[in-house]
Amino acid sequence: MGWIAIVPAAGSGSRLARPDPKAFVSLGGRMLVERALDMLRAVPFDRIAVAVPQERLPAMAGILHPNEIAVEGGPTRAQSVRRAFDALDPGPGDVVCLHDAARPLVSAEETARVMRAAVRVGAAIAATPLVDTLKRVDGRRVTGTVDREGLWAAATPQAFRGEILRRALSAAAEATDEASLCEALGVAVEVVPVSRLVFKVTTPEDLELAEAILARRDA
Ligand code: C5P
């Protein structure tokens, strides 16, 4: 049984309003994609594939270790994941972890916990229970309050046994995460509670927040 990781890092990150693609934005002196690799190497994984924008492939050569590859990402996250999966071609008994480069504060310990849960049950995701009161809104008008009981925010890492992920990805569906493809197949997915620091860097203030936390840790 091998431990394999896929890093979708091919998004443009237009909401971040930076010239570089999001995964190539520097956070405390290290690009998001490098931070994702640092964390995954500490777990550790046997093999890693990173999906990056085509023009970033040459730069990856200087970053990757011998057991790591870069592939050209696709137009959507789901397609980037499929390309990386095909390049790695995991076996049915391998366990495959997907981790967004855009979540720089996830720890190796949290990722190892998600992996161990996937080894045990087949499919597991890092997630946090929702803390806010949820409103349904039409335009600017509140039309209802959603009961948050039992609602969790799905993050990455997400991990699956190879044969489960292969079946999930063979569905042509465009999902925003792999767990939803598994759910559609009726596969049981376990949540692994993690720190709220697993948040995804999406907007400039997310980047500011992540930068401040890292600076405090390094101080
Ligand atoms: O755009 P969003 O923040 O949801 O992207 C989540 C992750 O998927 C990011 O790490 C991003 O780089 C990656 N992605 C990708 N290929 C795309 C779009 C997003 O690998 N076409």
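Predicted, not measured: the structure shown is a model, and the values here were computed from it.

Peer 1: Hey, could you run me through the nonpolar core in this one?
Peer 2: As a rule of thumb, nonpolar side chains are buried together in soluble globular proteins. Among the nonpolar cores identified, the biggest contains 37 residues, and Val7, Ala9, Val33, Phe45, Ile48, Val50 and Met60 are the most heavily contacted of them. Breaking this core down by element, the ones donating at least two residues are strand S1 (3-8), helix H1 (32-42), strand S4 (47-52), strand S6 (95-98), helix H4 (108-121), strand S7 (123-129) and strand S10 (152-161). Per-element accounting of this core gives the leading share, six residues, to H4. Dropping the residues within four chain positions of it, Val7 is found in contact with Ala36, Leu40, Ile48, Ala49, Val50, Ala51, His99 and Ala101.

Peer 1: Explain the site of the ligand to me, please; I cannot follow it from the model alone.
Peer 2: Not every one of the 15 residues close to the ligand is listed here, only the nearest: Pro8, Ala10, Lys22, Ser80 and Lys200. Between the ligand and Pro8 there is a distance of 2.7 Å, counted from an oxygen atom to a backbone nitrogen or oxygen. Within the contact set of the ligand, a nitrogen atom lies 3.3 Å away from a backbone nitrogen or oxygen of Thr76. Alone, the ligand offers 460 Å² of accessible surface; in the complex the protein occludes 86% of this. Of the residues belonging to the shell around the ligand, the class tally is six nonpolar, four polar and five charged.

Peer 1: So what exactly am I meant to see when it comes to the sheet that holds strand S5 (residues 68-72) here?
Peer 2: Sheet strands pair via backbone hydrogen bonds, and the direction of the pair is either parallel or antiparallel. With mixed pairing, the seven strands of this open sheet are ordered in space as S5-S4-S1-S6-S10-S7-S11. Strands at the two margins of the open sheet, each flanked by one partner only, are S5 and strand S11 (190-193). Taking the axes of each pair of neighbouring strands and ignoring which way they run, one obtains an average angle of 25° across the sheet. In the sheet, S1 pairs with S6 via four bridges, with the strands oriented parallel. In the strand pairing of S6, Ile4 is matched with Val96. Running at roughly 165° to S4, H1 makes contact with S1, S4 and S5 of the sheet. Those strands touched by helix H5 (residues 162-170) are S6 and S10, and its axis lies near 115° from that of S10.

Peer 1: For this particular structure, what's the right way to read the pairing of S4?
Peer 2: Side chains on a regular strand alternate between the two faces of the sheet. The buried fraction of S4 is high, at five of six residues. Bridge count for S1 against S4 is five bridges, and the pairing is parallel. Considered in S4, the bridge of Val7 is made with Val50. Bridge analysis of S4 against S5 gives five bridges, and the strand direction is parallel. Note on S5: the bridge partner recorded for Val52 is Glu72.

Peer 1: Explain the side chain of Arg82 here, please?
Peer 2: Within the secondary structure, Arg82 sits in helix H3 (residues 77-88). Within the buried set, Arg82 has no salt-bridge partner at all; the shortest N-O distance to an opposite charge, 4.4 Å, is to Glu174. Looking at Arg82, its side chain comes within polar contact range of the main-chain oxygen of Ala171, at 2.6 Å. Those residues in contact with Arg82, other than ones at most four positions away along the chain, are Leu169, Ala171, Ala172, Ala173, Glu174 and Leu181.

How each quantity is defined
- Here the residue index of a chain counts from 1 through its sequence in written order.
- In view of the model being predicted, local features appear only for residues whose pLDDT reaches at least 70, and side-chain atom pairs are presented and counted only at 80 or more, with totals across whole chains, interfaces and linings using the full set of residues.
- Based on all heavy atoms of the structure, the side-chain values leave hydrogens and waters out of the count.
- Side-chain atoms within 4.5 Å are what join buried Ala, Val, Leu, Ile, Met, Phe, Trp, Tyr and Cys residues into a set we call a nonpolar core.
- Under the scheme applied here, a residue whose accessible area is under 20% of the maximum for its type counts as buried, over 50% as exposed, and between as partly exposed, the area being computed with a 1.4 Å probe on protein chains only.
- To qualify as a helix, a DSSP run of H or I must reach at least 4 residues; to qualify as a strand, a run of E must reach at least 2; elements of each kind are numbered from the N terminus.
- Contacts: residue pairs with any heavy atoms within 4.5 Å of one another.
- Nearness is defined per residue: one heavy atom within 4 Å of the molecule or strand is enough.
- Polar contact is defined as a pair of N or O atoms within 3.5 Å, subject to the rule that within protein one atom must be able to donate a hydrogen and the other to accept it, and that residues adjacent in sequence are counted only when both atoms are side-chain atoms.
- Residue-level accessible areas treat just the shown protein chains as cover; the underlying method is Shrake-Rupley with a 1.4 Å probe.
- Here the term charged refers only to Asp, Glu, Lys and Arg, the term nonpolar to Ala, Val, Leu, Ile, Met, Phe, Trp, Tyr, Cys and Pro, and the term polar to all other amino acids, Gly among them.
- Whether two strands pair comes down to DSSP finding at least two bridges between them.
- Every axis in this analysis is a line fitted to C-alpha atoms, fitted for helices over the stretch in contact. Angles between the N-to-C directions lie between 0 and 180 degrees.
- Only four residue types enter the tally: Lys and Arg on the positive side, Asp and Glu on the negative side; His and the chain ends are excluded.
- The salt bridge criterion pairs a side-chain nitrogen of Lys or Arg with a carboxyl oxygen of Asp or Glu, the two atoms within 4 Å.

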